[in-house]
Amino acid sequence: MKTVAVLILAFSCCLCEDQANENNDKVHQCLGSTVCCDINSLTSLTQSLGALEEKAANMAEKITVLEDKLINTEKEVLELRSLTGGTPQVAFSATLRESGFGNTGPFTTATPLKYKKVFSNIGNGYNSSTGIFTALVKGMYFFRFSVFVSSPPNTVVSLMKNSKRLTSVWDTVKSDSHDMGSNAVVIPLEVGDNVYVELWANRTVYSNNMNYNTFSGFLLFIT
């Protein structure tokens with residue numbers, strides 16, 4: 001755009017020179033004055049065009065950033081929703097160990113159990129790195145967990161919602177060497193609520209390739 005303005009300026013100057021040669025001195029002076037005015041106007045126009053080009057470049061960069069954000073947002077929505085016919089689908093199930101056997105715990109403080117082997121995770125609400133399920137859809141949910149302990153049995157495991165205890169399974173030393181228990185709840189969740197299974201301090205659970213310890217949940221209906 002700057003180049004076009006300069007060419008127009010040069011053409012105007014040449015045109016004015018030809019006209020001056022054909023006319024008398026008085027006319028030449030008048031045209032010279034007009035050309036000066038045109039030169040000033042074109043110079044100002046060139047500067048304005050340069051400023052507009054800079055603004056356009058800045059706007060293009062901002063549009064590119066916004067487009068990238070929009071694409072990422074659309075991907076997140078697709079991952080979070082898992083829609084079929086407009087109805088959100090949320091369900092997960094996992095067990096404690098991917099392989100091997102032995103006790104988990106004891107820990108000096110109450111600790112969320114990390115169920116590493118994931119059987120299913122529709123809607124990506126469960127995080128195997130933390131053991132925490134995060135609600136991505138508001139609604140009523142069902143959760144169940146199972147617990148197995150070996151000799152000597154000594155465990156207390158609780159289902160937690162946002163650090164609040166909902167229900168538990170408990171077992172301590174008895175004449176038998178192995179015990180198993182489970183519990184379940186149906187609860188309402190808001191978007192962002194966390195649900196997890198917590199092992200109490202100084203307690204243990206035992207697991208092997210039989211996958212005794214599980215944590216599962218699914219969305220019953222949205223509210």
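Notes on the structure in this doc start here.

Rules behind the numbers
Residues numbered from 1 in each chain as written. Predicted model: local features only at pLDDT ≥ 70, side-chain atom pairs only at ≥ 80, totals over all residues. Heavy atoms only, no water. Helix = DSSP H or I, 4+ residues; strand = E, 2+ residues; numbered from the N terminus. Buried < 20%, exposed > 50% of the residue type's maximum accessible area, 1.4 Å probe, protein only. Contact = heavy atoms within 4.5 Å. Polar contact = N/O pair within 3.5 Å; in protein donor to acceptor, adjacent residues only side chain to side chain. Phe/Tyr/Trp six-rings, centres within 6.5 Å; stacked < 30°, edge-to-face > 60°. Pairing = 2+ DSSP bridges. Axes fitted to C-alpha atoms, helices over the stretch in contact; angles between N-to-C directions.

**Considering the overall build of the protein**
(1) Moving on: Helices and strands together make up the secondary structure of the protein, namely two helices and 15 strands.
(2) Moving on: Classification of the 223 residues of the protein by burial places 31% in the buried group.
(3) Moving on: In the protein, the proportion of contacts linking residues at least 24 apart, taken out of those at least 6 apart, comes to 72%.

**Let's talk about the side chain of Ser158**
(1) Moving on: Inspection of the secondary structure assignment puts Ser158 in strand 10 (residues 155-161).
(2) Moving on: Residue Ser158 is classed as buried on the basis of its relative accessible area, which comes to 0%.
(3) Moving on: A distance of 2.6 Å separates a polar atom in the side chain of Ser158 from a polar atom in the side chain of Ser168.
(4) Moving on: Here Trp200 takes part through its side chain, which lies 3.0 Å from a polar atom of the side chain of Ser158.
(5) Moving on: Residues contacting Ser158, with those up to four places away along its chain left out, are Arg165, Thr167, Ser168, Tyr196, Val197, Glu198 and Trp200.

**Describing the packing of aromatic side chains**
For any two aromatic rings, the description comes down to two numbers: the centre-to-centre distance and the angle of the planes.
(1) Moving on: Under the criterion given, the structure shown has 13 aromatic pairs.
(2) Moving on: Plain terms: the ring middles of Tyr141 and Phe143 are 6.0 Å apart, the flat faces sit at 15° to each other, and that makes the pair stacked.
(3) Moving on: Assessed through its relative accessible area of 0%, Phe143 is described here as buried.
(4) Moving on: A network of ring pairs unites the aromatic residues Phe92, Tyr115, Tyr126, Phe133, Tyr141, Phe143 and Phe215 as a single cluster.

**Some words on the sheet that holds strand 9 (residues 139-149)**
(1) Moving on: Taken together, five strands build an open sheet; the order of strands is 6-3-15-9-12 and the sheet is antiparallel. Of all strands in the sheet, those bounded by a partner on one side alone are strand 6 (117-122) and strand 12 (179-189). Put simply, the sheet's adjacent strands are angled 10° from each other on average, direction ignored.

**Brief notes about the side chain of Thr95**
(1) Moving on: Within the secondary structure, Thr95 is located in strand 3 (residues 91-95).
(2) Moving on: Looking at Thr95, the relative accessible area reads 0%, which means it is buried.
(3) Moving on: A polar contact of 2.8 Å, which involves the side chain of Thr95, links it to the backbone oxygen of Asn213.
(4) Moving on: Here Thr95 is in contact with Tyr115, Lys116, Lys117, Phe119, Asn211, Asn213 and Thr214, once residues within four sequence places are set aside.

**Side note on the environment of Thr167**
(1) Moving on: With respect to the secondary-structure elements, Thr167 resides in strand 11 (residues 164-171).
(2) Moving on: Taking relative accessible area as the criterion, Thr167 reaches 16% and is therefore assigned buried.
(3) Moving on: C-alpha of Thr167 to C-alpha of Asn183: the two residues are 16 residues apart in sequence and 7.1 Å apart in space.
(4) Moving on: Leave out the neighbours within four places in its chain, and Thr167 touches Phe145, Val157, Ser158, Leu159, Asn183 and Val185.
(5) Moving on: Among the polar contacts made by the side chain of Thr167, one reaches the side chain of Asn183 at a distance of 2.6 Å.

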